[in-house]
Each structure stands twice: as C-alpha cells, then as structure tokens.
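# Structural characterization, general
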Amino acid sequence: MFPPISRVALRGEAILTQPRFNKGTAFTAAERKAFGLTGKLPYRINSLDEQCQRAYDQLQSQTTDIGKNSFLQSMKDQNWVLFYSLLTRHLRELIPIIYTPTEADAIANYSHLFRRSEGLYLTFPNRDSMEEDFLEATKGKSVDLFVSSDAEAILGIGDQGVGISAAKSVIYSLIGGIDPSKAVAVTLDVGTNNENLLNDPLYVGWPHERIRGKEYDDFVDKFVQLVRKHFPHSLLHFEDYGVTNAQRLLQRYRETHAVFNDDIQGTGAVTLSTLMAAIGVTKSKLCDQRIIIYGAGSAGLGITKQLRDAMASIDNVPVEEANEKFWLIDKHGLITESLPDVREDLKEFVRKDSEWKEFQSQGDSNSEIKLLDVVKKIKPTVIIGTSTHAGGFTREVVEAMAEGCDRPIIFPLSNPSRLVEVDPKDANDWTKGKALLATGSPFPPAKMPNGKDYIIAECNNALIYPGLGFGAVISQSRQMTDTMIIAGARRLASLSPALKDPDDALLPDFGDAPSINFEVAVAVAEQAIEEGSAGVDWKKEEVREKAKAKLWQPVYGEYVYDENGDR
Ligand SMILES: NC(=O)c1ccc[n+]([C@@H]2O[C@H](COP(=O)([O-])OP(=O)(O)OC[C@H]3O[C@@H](n4cnc5c(N)ncnc54)[C@H](O)[C@@H]3O)[C@@H](O)[C@H]2O)c1
Ligand SMILES: O=C(O)C[C@H](O)C(=O)O
Ligand SMILES: [Mg+2]
C-alpha cells in the first residue's frame, strides 16, 4: 500500500527538523495533536499541492541557477516529500538545476555554499573509527543503496576533494523509485591534490594530499567490507573515482557484491542505447561501425567495452574482431603500440604502429597522431567525446567526418555543458543537418535545413543508472552482471523516439525519465531472475507488478505516534 502509515517516535521540534518525516503545514489536526505540534505551526493546514505552489514561487525569486540549487538543497534539508514532489512536478526544468550542469558549480563551491552535512563522511585520518561511524550513520536503517565517491574526477572538473555522492543519490529517488531513507550518500575523503582547495581556509574536507597505494586500497576495502557485512543485499555505487582507481575497484569487487561504477558501466549502457537508436536510423549493424573514442579515461573505456561486448553478444562477432572497430585517442593522440605509458586496461585496443607509419617520425615528440589524422584515414561512422576537451571536435574534424559517411554519428559527452567537444548546433550546421547527435548535458534543439527542430538527445547516465540500480535492488541481485546491464540498455534503446521518426531525438526526453527508468528496472530484474543472479523467487511475469509496488513516491502518508517507531 502506498502511501504507507508510518509509526514515528519523534515529537515536537524533533519531527519538524527531521526531513524524512517533516510535513510542515501539511501535518493534519490529528497529527498536530499526537506529535505535540499544535502550538508549533501556524493555523492553516496545507495540501502538498499548495506547499509545492508556494515553494515553486519562492524558487522563482532566485535569479541564478546556483541560487536555485542552494534553495533546493535547503528544501531537501527540511522536507523530503516536498523537495521530491516539487522536482517531480517540474522535472524537465529542475533536473539541470540539481544535477548536471549546475551541480558541477555547486560542487566546485561546496565549501563556500556548505550549510548542513548529509550522508556519511568517512575521512582517512578518522579511519580507526570507521566501523563506529558507519554503524552510527546506518543505525536502525535497512539500507538498499550506498552511493560513494572519493571525488577525484568530478564530471570534467577534476579533483574536488568532497562532493557528488548526494546529488547522484537524489536522482535514484527522484527518477529511480528508491526510498531516500534506504539510501546513504558516502563521501570517502582521502585528501585532495587540488591546490586551490588546499589553500582555501574555508575548505571543509581533509586538507592533505591524496592518499595513494596500499593505504588508499586498505581504506576503501575497509568501507566495502562494512557494506558487505552489514548490508549484503545492498547495491554499492561508485561515482567519479579517478581513472587509476575506477576500473581496478570495479574488477576487485564485482564478483563478491552488487557493485556498479556509473562512469564506466552507466555511461557505457546509455551510450549503447543511444548508438543502437542511431544505427536504427542509418539501418546498419553495430559491428559495421568504425568508432573513435576521444578521451580514453573511465567513461571512454567503459563505453568502448560496453559497445565491444554488445557487438559480440548481439552481432555474434568474436571479441578480437570487435576490438578492431575502435580507435582510442587520448591526450597524446591515437593509442598505438609505441606510445609510452599506456594503461594496462587499454592494451586490448592499442592500434598497430605498422598501420600508422606515415604519421610517426622517429624521435619527434610532436609526432602524435591527432584526431583529424585518424578521421581522415579511417573514415569513422561514430565519434564519441569523453575527453573534457572543450571544442575538441573542430569544424575541420566534423566536416572531414561528414565527407566519409552519410549520417555521421557524433556524441560529444563531456560534462558540464562548457566542456562539450562540440556544440551540437555547430555539428548540425557543419553537416547540413546530417549528423545524428547526442550530448552529456542538456542543449537546446538545433535547426534542420527544412526548418524543423532537431532535438538533441541527452546521453547522460542518469537516464539509465537509476533503473539499473532499482532493478538490481528489487531483485536483490548478488551482482550487477554485464547481461543485466545489456538488458537495461536494450530496453532503453527500444524506447527511442527515433525508431518511429528518424528525425526525432535518439533518446526519450528527460521529462519522462521516471517511466523510462522503470522500464529499464523491469528489464534488469527480469534478466537477473532468468540468469539466476536474483535473490527473490519471483516469476518473470510478476516482475512488473512487484516493481510497481516497491516504487517510492513523494506523497505524505499518515503518521501514528509510537515510541518504538522510526526516528
Ligand atoms: N554523459 C555522461 O553520462 C558522462 C558519463 C561519464 C563521464 N562523462 C564525461 O566524460 C568526461 C570524462 O570523464 P571520465 O570520468 O572518463 O574522466 P577521466 O579523467 O577518467 O577521463 C578523461 C580522459 O580524457 C583524456 N584527455 C584529456 N584531455 C584530452 C584531449 N585534449 N584529447 C583527448 N583526450 C584527452 C584524459 O587523459 C583522460 O584519459 C567528463 O567530462 C565527464 O563529465 C559523461
Ligand atoms: O554526472 C553526470 O552528469 C554524468 C557523469 O556521471 C559524469 O561524470 O559526467
Ligand atoms: Mg560521473
């Protein structure tokens, strides 16, 4: 039954200052009496609609996006139902305020905007009390989800010391249906190498250079083992870890717990869905593509592997053959055999020197093979940007690509908006409306040569990770397997507007994110049950109904005072 009747053990000031239970002016007369609130609230009893109207009017009086973000953050500290219902009612308008791109500015100014702590802060110098701190923060809770970050690679803005886990956690509840009281945002503060933060007297994190090596691994491991021990059925989400740790941590834990790295797997999944929609328009197969990945970090490699695995599983292409469809470019150019210091995890995608002799002159440090060289030589059908290099897809690059194929597929995915590899409007103009486009942050539509709007799909992992997570949580999966992720990605691809009209967006609108993510969750849970990863004994046909019943929604339930109730 939703909304549920809640048994609450808090009275008076204590319930008004607990955002999980506070209803403000919406407490009923009976609740005011039972919880000692009659003298603590003004007379009028408001409905949730009226509260949302008032809050929306107040929000509109903020003139900047960052001001709106701070206002909403305060509202989250006061009343969760009101916060989430306001967002739900104005989803399209407010997601960019609480999430990408505005969240990037909020995190960059975290210490200066700081008002109130939230979630769990595990800090390296306090490592000896980690278990105590963990248990204190999770006492009495049945946690379904931990969203963790060490904040080393926040979006494209780099090392921010602390931040992001709370913003990503909000999206799980807003569009994924996860009960916010069952989610914990975890900040793993292992220091920062950001000089500005280290020199800022108001910095709220640990002002120390980042811990590396065994000390770092032991610290993260202590946290992961606490999650495993106390909440064995929970999902553990990793967000914005640095490239040297992200892939390693995922590999280390993925067999033993349901862990999920959003930048690697979430981005890989949403990009696979977007690409499947695009090749639906070009009427080609995944394995027919020649794909340039520009920026071979966590997201770039995650996308590469996801697309490669999909070629293998959907088109039945041997993995080694599928590897040959990718050209990875990082800050020193195309990744070839002779490039020094290539990360171990990129080795299977390294290109042979013998294919690129004309661009390599011995001993010349400027001989890196540039994006334009690669575009001209291989004539890619797809180019994906995860480089943080604003403007990296120049006019020359885009025009050269358009010469080599009819409908160039161009996904500049770097966030926030100011770091996009090419403004989609320019890519559309330079290709005379031929490009099939998707970006990581929201952009306004571009104009097609026939005067119609071309809607730019928002290929952001938030269109899929809440659904992947909710699917894994409700099916109590012991692991988040590749096949569960592919099932979610295929379901999202099947909902693409471009399947019906090739001139329409490659992905559904973010305004529909809750229903889209629900479909993803159903597909994930069905797959988990089918392959035996699930901990529930549902039949596949029951999944939709069961999932519906588990969706958390921002509505007020009835409260009953009970001294043994929740607090
Ligand atoms: N749209 C999405 O859903 C989504 C998801 C994850 C990441 N991203 C974005 O992708 C970008 C990268 O994120 P990440 O987590 O992979 O970071 P990362 O630091 O792991 O990777 C960035 C990579 O780009 C390389 N690079 C830097 N400058 C370059 C240049 N001039 N040319 C080519 N490569 C260059 C870096 O060496 C690094 O390998 C960020 O802007 C992030 O916001 C978007
Ligand atoms: O947070 C986002 O907007 C997407 C992604 O995880 C990123 O790091 O850019
Ligand atoms: Mg991220």
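The rules behind the values
Residues numbered from 1 in each chain as written. Chains lettered and ligands numbered in written order. Predicted model: local features only at pLDDT ≥ 70, side-chain atom pairs only at ≥ 80, totals over all residues. Heavy atoms only, no water. UniProt positions renumbered as here; feature names shortened; annotations may be inferred. Helix = DSSP H or I, 4+ residues; strand = E, 2+ residues; numbered from the N terminus. Rg over C-alpha atoms; globule rule 2.2 N^0.38 Å. Buried < 20%, exposed > 50% of the residue type's maximum accessible area, 1.4 Å probe, protein only. Contact = heavy atoms within 4.5 Å. Areas by Shrake-Rupley, 256 points an atom, 1.4 Å probe, with all protein chains shown as cover. Lys, Arg positive; Asp, Glu negative; His and termini not counted. Charge placed at Lys NZ, Arg CZ, Asp CG, Glu CD. Near = heavy atom within 4 Å. Polar contact = N/O pair within 3.5 Å; in protein donor to acceptor, adjacent residues only side chain to side chain. Nonpolar A, V, L, I, M, F, W, Y, C, P; charged D, E, K, R; others polar. pLDDT = per-residue confidence, 0-100. Donors = N, O, S within 2.8 Å, 3.2 Å for Na, K, Ca; no water. Axes fitted to C-alpha atoms, helices over the stretch in contact; angles between N-to-C directions. Parallel < 35°, antiparallel > 145°, perpendicular 65-115°, else oblique. Arc of directions from axis to C-beta. Pairing = 2+ DSSP bridges. Phe/Tyr/Trp six-rings, centres within 6.5 Å; stacked < 30°, edge-to-face > 60°. Lys NZ or Arg CZ within 6 Å of the ring centre and 35° of its normal. Expected span 1.5 Å × (residues − 1).

The name given to the protein chain in an unreviewed UniProt entry is Malic enzyme, with the source organism recorded as Lentinula guzmanii. The Sequence similarities (unreviewed entry) field of the UniProt record for the protein chain holds the comment "Belongs to the malic enzymes family."

Now for the overall build of the protein chain. Along its length, the protein chain carries 23 helices and 16 strands. Against the globule reference of 24 Å for 567 residues, the protein chain gives a C-alpha radius of gyration of 24 Å, in line with a compact fold. With respect to the three principal axes, the spread of C-alpha positions in the protein chain is 80 × 55 × 50 Å. Across the 567 residues in the protein chain, those meeting the buried criterion constitute 58%. A separation of at least 24 residues holds for 71% of the contacts in the protein chain among residues at least 6 apart in sequence. As displayed, the protein chain offers around 23,800 Å² of accessible surface, 48% of which is attributable to carbon and sulfur atoms. Counting 64 positive and 80 negative side-chain charges, the protein chain places the centres of these two groups 4 Å from one another.

Looking now at the site of ligand 2. Around ligand 2, the neighbouring residues are Tyr99, Thr100, Leu155, Lys168, Glu239, Asp240, Asp262, Asp263, Asn415, Asn460 and Asn461. The contact in question runs from an oxygen atom of ligand 2 to an N or O atom on the side chain of Asp263, over 3.0 Å. Surface burial for ligand 2 is 91%, taken as the share of its 260 Å² of free accessible area covered by protein chains. A per-class count over the shell around ligand 2 returns two nonpolar, four polar and five charged.

The next point concerns the confidence of the model for the protein chain. Predicted confidence across the protein chain gives a mean pLDDT of 96, with 99% of residues reaching 70 or more. Taken over the whole predicted complex, pTM reads 0.97, whereas the ipTM for its chain interfaces reads 0.99.

The magnesium ion (ligand 3) binds to the protein through Glu239 (OE), Asp240 (OD) and Asp263 (OD), with metal-donor distances spanning 2.0 to 2.1 Å. In the primary sequence, the donor residues of the magnesium ion (ligand 3) line up as E-D-x22-D. On the criterion of sequence distance, the pair formed by Asp240 in the loop between strand E5 (235-238) and helix H13 (243-253) and Asp263 in helix H14 (residues 262-282) is long-range, its members being 23 residues apart.

Bringing the UniProt feature "binding site: (S)-malate" (unreviewed entry) in the protein chain into the picture now. In the UniProt entry, the feature "binding site: (S)-malate" (unreviewed entry) is given for Asn415 and Asn460. The named residues occupy 46 residues along the chain; their greatest pairwise C-alpha distance, 9.1 Å, places them in one compact cluster. Looking at the secondary structure, you find Asn415 in the loop between strand E11 (409-412) and helix H19 (424-430). Ignoring anything within four residues of it in the chain, the contact list for Asn415 reads Thr100, Leu155, Gly156, Gly440, Ser441 and Asn460. You can see Asn460 is positioned in the loop between strand E15 (457-458) and helix H20 (465-474).

With that settled, consider the packing of helix H15 (residues 298-315) against helix H21 (residues 482-494). With their axes 11 Å apart at the nearest point, H15 and H21 run at an angle of 85° to one another. One way to sum up the angle between H15 and H21 is to call them roughly perpendicular. Counting all contacts with H15, which are made through Gln306, Asp309, Ala310, Ser313 and Ile314, the residues of H21 involved are Asp482, Ile485, Ile486 and Arg490. In terms of residue class, the contact of H15 with H21 is built from four nonpolar, two polar and three charged.

Taken together, the buried positions of helix H9 (residues 130-138) are Met130, Phe134 and Thr138. Here the buried residues of H9 occupy an arc of 50° about the axis, which is enough to place them on one side. Every exposed residue of H9 that faces more than 90 degrees away from the buried side is listed here: Glu132 and Glu136. For H9, the elements touching its buried residues are strand E2 (120-123), strand E3 (145-149), strand E4 (183-189) and helix H12 (213-230). Backbone geometry just after H9 places Gly140 at a positive phi near 75°.

This part takes up the sheet that holds strand E7 (residues 291-294). With mixed pairing, the seven strands of this open sheet are ordered in space as E9-E8-E7-E10-E11-E12-E15. Sheet topology places strand E9 (333-334) and E15 at the edges, where each strand pairs with a single neighbour. Taken together, the four bridges between E7 and strand E10 (residues 382-385) define a ladder with parallel strand orientation. Residue Tyr294 lies in a different strand from E10, and its bridge partner there is Gly385.

Attention shifts here to the packing of aromatic side chains. The final tally for this structure, using the stated rule, is 18 aromatic pairs. A ring pair is formed by Phe35 and Tyr559, whose centres lie 6.3 Å apart and whose planes are at 75°; its orientation type is edge-to-face. One end of the pair, Phe35, is in the loop between helix H2 (29-34) and helix H3 (48-60); the other, Tyr559, is in strand E16 (residues 559-561), with 524 residues separating them in the sequence. For the pair formed by Phe35 and Tyr559, the shared burial category is buried. Among the aromatic residues, ring-to-ring pairing joins Phe21, Phe27, Phe35, Tyr559 and Tyr561 into one connected group. Across the ring face of Tyr559, the terminal group of Lys23 is positioned such that the distance to the ring centre comes to 4.3 Å. Taking NZ or CZ as reference, Lys377 lies 5.0 Å from the ring centre of Trp356, over its face.

Residues spaced three or four apart along an α-helix point in a common direction, a consequence of the helix completing one turn every 3.6 residues. For helix H4 (residues 65-78), which comprises 14 residues, the first-to-last C-alpha distance of 20 Å matches the rise-based estimate of 20 Å (1.5 Å per residue) to within 8%. With 10 of 14 residues buried, H4 is to be regarded as a mostly interior element. Among the residues of H4, those classed as buried are Gly67, Lys68, Asn69, Ser70, Phe71, Leu72, Ser74, Met75, Lys76 and Asp77. On its buried side, H4 packs onto H3, helix H5 (80-89), helix H6 (91-98), helix H7 (102-108), helix H8 (110-113) and helix H10 (165-176).

Thr267, Ser298, Ala299, Asp330 and Asn461 are the nearest of the 24 residues found near ligand 1. At a separation of 3.4 Å, a nitrogen atom of ligand 1 approaches a polar backbone atom of Lys331. Surface burial for ligand 1 is 88%, taken as the share of its 850 Å² of free accessible area covered by protein chains. In the shell around ligand 1, the residues fall into seven nonpolar, 14 polar and three charged.

Per the UniProt entry, the sites bearing "domain: Malic enzyme N-terminal" (unreviewed entry) are residues 76-254 in this numbering. The straight-line gap between the two end C-alpha atoms of residues 76-254 is 32 Å; of that span, 48% is helix and 11% is strand.

All right, on to the environment of Lys76 then. As for its placement among the helices and strands, Lys76 is situated in helix H4. Residue classification places Lys76 among the buried positions, given a relative accessible area of 7%. Taking the C-alpha atoms as reference points, Lys76 and Pro19, separated by 57 residues in sequence, lie 7.0 Å from one another. When near neighbours in sequence (up to four residues on either side) are disregarded, Lys76 contacts Pro19, Phe83, Glu118, Ala166 and Val170.

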